[in-house]
Amino acid sequence: AVDGSAEDLTGREEGEVGEMTSAWGSWDGREARGGALPPGCGNYEAELVAVERVLAQHSAGKRVLLLSDCQGAMKAVEGLWRTGELGELSGMRARRCGGLIELIVRHRLRICQPDDTGKRGAVCFLYTPSHRYGAAPNAYADAVAKSHLSEEPEDVPLGVRARQCVYRVAGIGGGAEGGNGQRWRLPADRPLHGVMIEYMTAAETTRLRAAARTSAQ
């Protein structure tokens, strides 16, 4: 089972928007895995990262059943899988997380290839509504994701490019860039105009807050 979690963990003044923190988690019945994601990511990115991280550890010929409560992420992956087009022909340049979704499909293609004995693998997705019907694996995956929310964020190695270039961007929001000027691939895996809008909005919001605090003093 895979899951993602996003929460506002920063202490904030009344009426002020805090910084969002997100993490992914997985549980296969024996091992729990997870990690925190870069600033600017939400639950959708966390769900997709969980799928990608699970599939990355499986080889050709394996049979994998993924339980997820995020229909949006599952439909995005299945939609690209059914088109049969990757790279520039996939149309993923205009999609949020296009590079990550393409990477998941490439993992799936690799796993579905036959192993040394000729046995073909398979990757199947099963939708399990969140916190309903007693789906214990999803509850475990959700707990794993939440346990990683306060950790240091890690980027995802996007080995494929749905766009001609995937930009590295600094974290969006107050304090998100970090003391070492860290820049991230995952939050930039979307149309460039979306990144620009978020940065302009964040800059203007910061200016208005500073002006409001100055006038109140």
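Rules behind the numbers
Residues numbered from 1 in each chain as written. Predicted model: local features only at pLDDT ≥ 70, side-chain atom pairs only at ≥ 80, totals over all residues. Heavy atoms only, no water. Salt bridge = Lys/Arg side-chain N within 4 Å of Asp/Glu carboxyl O. Helix = DSSP H or I, 4+ residues; strand = E, 2+ residues; numbered from the N terminus. Buried < 20%, exposed > 50% of the residue type's maximum accessible area, 1.4 Å probe, protein only. Polar contact = N/O pair within 3.5 Å; in protein donor to acceptor, adjacent residues only side chain to side chain. Contact = heavy atoms within 4.5 Å. pLDDT = per-residue confidence, 0-100. Expected span 1.5 Å × (residues − 1).

Asks: With reference to specific residues and values, describe the pattern of salt bridges.
Replies: All chains considered together, the criterion is met by 7 salt bridges. A salt bridge links Arg106 to Glu102; the shortest N-O distance between them is 3.0 Å. Of the two residues, Arg106 and Glu102 are both situated in helix 3 (residues 98–111); the distance of 4 residues between them amounts to about one turn of the helix. Residue Arg106 is classed as partly exposed on the basis of its relative accessible area, which comes to 35%. By relative accessible area, Glu102 is classed as buried at 1%.

Asks: Please provide a residue-by-residue account of the side chain of Ser68, values included.
Replies: Inspection of the secondary structure puts Ser68 in strand 4 (residues 63–68). There is a polar contact of 3.5 Å between the side chain of Ser68 and the side chain of Glu47. Those residues in contact with Ser68 that sit more than four places away from it in its chain are Val2, Glu47, Met74, Leu126, Tyr127, Thr128 and Asn138.

Asks: For the environment of Arg33, give the residues involved together with the corresponding values.
Replies: By the secondary structure assignment, Arg33 is in strand 3 (residues 32–36). Overall, the relative accessible area of 22% leaves Arg33 in the partly exposed class. When the C-alpha positions of Arg33 and His148 are compared, they lie 9.4 Å apart, and in sequence the two are 115 residues distant. Ignoring any residue separated from it by four or fewer positions in sequence, one finds Arg33 in contact with Trp24, Gly25, Ser26, Arg53, Val54, Gln57, Val144 and His148. Only 3.4 Å separates the side chain of Arg33 from the backbone oxygen of Arg53, close enough to count as a polar contact.

Asks: Lay out the confidence of the model for the chain with the relevant residues and their values.
Replies: The share of residues in the chain with pLDDT of 70 or more is 77%, and the mean pLDDT across the chain is 80. Throughout residues 10–18 the model reports pLDDT below 50, and contacts reaching past four residues in sequence, or to other chains, amount to 9 contacts. Confidence drops under pLDDT 50 across residues 172–179; counting only partners more than four residues distant or on other chains, this segment forms 13 contacts.

Asks: Before we move on, can you summarise helix 1 (residues 43–56) with the specific residues and values?
Replies: With 14 residues, helix 1 ought to run about 20 Å at 1.5 Å a step, and its terminal C-alpha atoms sit 20 Å apart, in line with that. Burial within helix 1 is extensive, with 11 of its 14 residues counted as buried. Tyr44, Glu45, Ala46, Glu47, Leu48, Val49, Ala50, Val51, Glu52, Val54 and Leu55 are the residues of helix 1 that are buried.

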